[in-house]
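# Architecture at a glance
What follows is the residue order along each chain.
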Amino acid sequence: DTGSAAATPEQYDIQYLTPVSLGTPPQILNLDFDSGSSDLWVFSSETPASQVKGQAQYNPSKSSTSKEVSGATWDISYGDGSSSSGNVYTDVVNVGNATFAGQAVETAQQVSSSFTSDTNNDGLLGLAFSTINTVQPEQQKTFFDNIRDDLDSPVWTADLKHNEPGTYNFGFIDDSLYTGKIAYTDVDSSDGFWMITLDSYSVGSSTSNLSSRAFHHRPSTFPSPSDSASTPLTGIADTGTTLALLPDSVCTEYYSQVSSAANSQTAGGYVFDCDATLPDFTYTVGSTTITIPGEYINYAPVDTTGEQCFGGIQSDADIGFSIFGDIALKAAFVVFEDDGSSPRLGFAQK
Ligand SMILES: O=C([C@@H]1CCCNC1)N1CCCCC1
């Protein structure tokens, strides 16, 4: 079995939506594939009308193959403060022709206001590890965990793009989607996430790194360079997070190269003049180097005046690890591999 479906970005690539078929006859909903969580939940006939604003709704009573999971409930809270909760059914779920007949479909009986106002998002399809699925009393499996053994290969891949549709594939690696070689790194899934350590990062061209300059007489006031060219970054690959949330030290180093940049309390992060030229941000996995173009990091205007723009790199606010969200992932072809025992992440240029 294999599957292939489009990942279509909303404005500013704030999120990517992918059509998913649920039930019999098929009910198509556009879901946010989220490698940072593990619940497949949908707007449904059970969601109060006051909390629905245009979203498509899954109606289990209109599906001849739906079965209620007796006594099961779910309740999830996301790092951005949003939340949802409800009941659970199993039904046929089809993603680009990869199909699983008994997938847990979590129907929302409550969604928080940010989901209500996100009018094109009909729900989430979690692709982190099933150990953090929130269904009680019997935890349920993610779509990938359910179909893994039926897939030609135990992988799914993300080819997200800037301002244009990309692709989520299941069960195969499409060699036409990348260049060079795929470099793999081991995943620590003990917290339920695709947690990895990037070998190094660098800001702008290498000359921006003091240690690479011929500073024979570096004034004592100069910071001894955090030789970023070999500083690792530990974090999770999260397709459901828009930005790249990195350590404060990396943010300081990056925005020190942008003369108009400031860390704004009111804007909630680093902002700069929209006409600023931003440096690239590069990270390495083994022998593969991924460069995020500076243009991608000029994320979006703060307001309608279009004077100040919000950065695509922001602080990880000391949550203890970085979050490599879409800003970081869309510059690469990413392989999420899990044979059930030793998960790995692969990165390639494209
Ligand atoms: O809630 C989230 C994110 C929110 C955006 C969508 N992906 C999941 N988490 C990931 C980071 C650690 C805390 C949990």
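Everything here concerns the structure above.
Residues numbered from 1 in each chain as written. Predicted model: local features only at pLDDT ≥ 70, side-chain atom pairs only at ≥ 80, totals over all residues. Heavy atoms only, no water.

Inspection of the entire model under this criterion finds 1 disulfide. The disulfide partner of cysteine 274 is cysteine 309, and the gap between their sulfur atoms is 2.1 Å. Judged by the torsion about the S-S bond (100 degrees), the cysteine 274/cysteine 309 disulfide is right-handed. Of this pair, cysteine 274 sits in the loop between strand S17 (269-273) and strand S18 (281-285) while cysteine 309 is found in strand S21 (residues 308-311), placing the two residues 35 residues apart along the sequence. Judged by its relative accessible area of 5%, cysteine 309 is buried. Cysteine cysteine 251 shares no disulfide, and the gap to the nearest cysteine sulfur, in cysteine 309, comes to 17 Å. For cysteine 251, a relative accessible area of 0% translates into the label buried. (Disulfide = S-S within 2.5 Å. Helix = DSSP H or I, 4+ residues; strand = E, 2+ residues; numbered from the N terminus. Buried < 20%, exposed > 50% of the residue type's maximum accessible area, 1.4 Å probe, protein only.)

This paragraph deals with the environment of serine 77. By the secondary structure assignment, serine 77 is in strand S5 (residues 67-77). The class of serine 77 is exposed, set by a relative accessible area of 60%. Along the backbone, serine 77 and proline 25 are 52 residues apart, and their C-alpha atoms lie at a distance of 31 Å. If we skip the residues at most four places from it in the chain, serine 77 touches Ser82 and Ser83. (Contact = heavy atoms within 4.5 Å.)

Let us now look at the site of the ligand. Contacts to the ligand come from Asp34, Gly36, Tyr78, Gly79, Phe193, Ile236, Asp238, Gly240, Thr241, Phe321 and Ile323. Between a nitrogen atom of the ligand and a side-chain N or O atom of aspartate 238, the distance comes to 2.8 Å. Protein chains bury 81% of the 360 Å² of accessible surface belonging to the ligand in isolation. Tallied by class, the residues present in the shell around the ligand amount to 5 nonpolar, 4 polar and 2 charged. (Near = heavy atom within 4 Å. Polar contact = N/O pair within 3.5 Å; in protein donor to acceptor, adjacent residues only side chain to side chain. Areas by Shrake-Rupley, 256 points an atom, 1.4 Å probe, with all protein chains shown as cover. Nonpolar A, V, L, I, M, F, W, Y, C, P; charged D, E, K, R; others polar.)

Pairing is possible between side chains of opposite charge, provided their charged atoms come close. Summed over all chains, the structure comprises 6 salt bridges. Between lysine 330 and aspartate 13 there is a salt bridge, with the nearest N and O atoms lying 2.7 Å from each other. On the criterion of sequence distance, the pair formed by lysine 330 in the loop between helix H5 (326-329) and strand S24 (333-337) and aspartate 13 in the loop between strand S1 (3-9) and strand S2 (16-22) is long-range, its members being 317 residues apart. This pair shows no difference in class: lysine 330 is buried, exactly as aspartate 13 is. Across the salt bridge formed by aspartate 145 and arginine 148, the nearest N and O atoms sit 3.0 Å from each other. An identical accessibility class is assigned to aspartate 145 and arginine 148; each is buried. Taken together, the salt bridges that share partners define one network made up of Asp145, Arg148, Asp149 and Asp338. (Salt bridge = Lys/Arg side-chain N within 4 Å of Asp/Glu carboxyl O.)

A sheet is described by the order of its strands in space; here 5 strands give the open sequence S12-S14-S23-S15-S22, paired in mixed fashion. Two strands lie at the open edges of the sheet, namely strand S12 (195-198) and strand S22 (313-315), each paired on one side alone. Shown here is a sheet whose adjacent strand axes are inclined to one another by a mean of 40 degrees, direction ignored. Bridge count between strand S15 (residues 244-246) and strand S23 (residues 322-324): 2 bridges; the pairing is antiparallel. (Pairing = 2+ DSSP bridges. Axes fitted to C-alpha atoms, helices over the stretch in contact; angles between N-to-C directions.)

Cis peptide bonds are those with omega within 30 degrees of zero, and the linkage from threonine 24 to proline 25 qualifies with -10 degrees. The residue proline 25 is located in the loop between S2 and strand S3 (27-34) in this model. Looking along the chain, the bond that leaves glutamine 136 and enters proline 137 is cis, with omega of 0 degrees. Phi angles above zero are rare outside glycine, and asparagine 163 is one such case at about 65 degrees.

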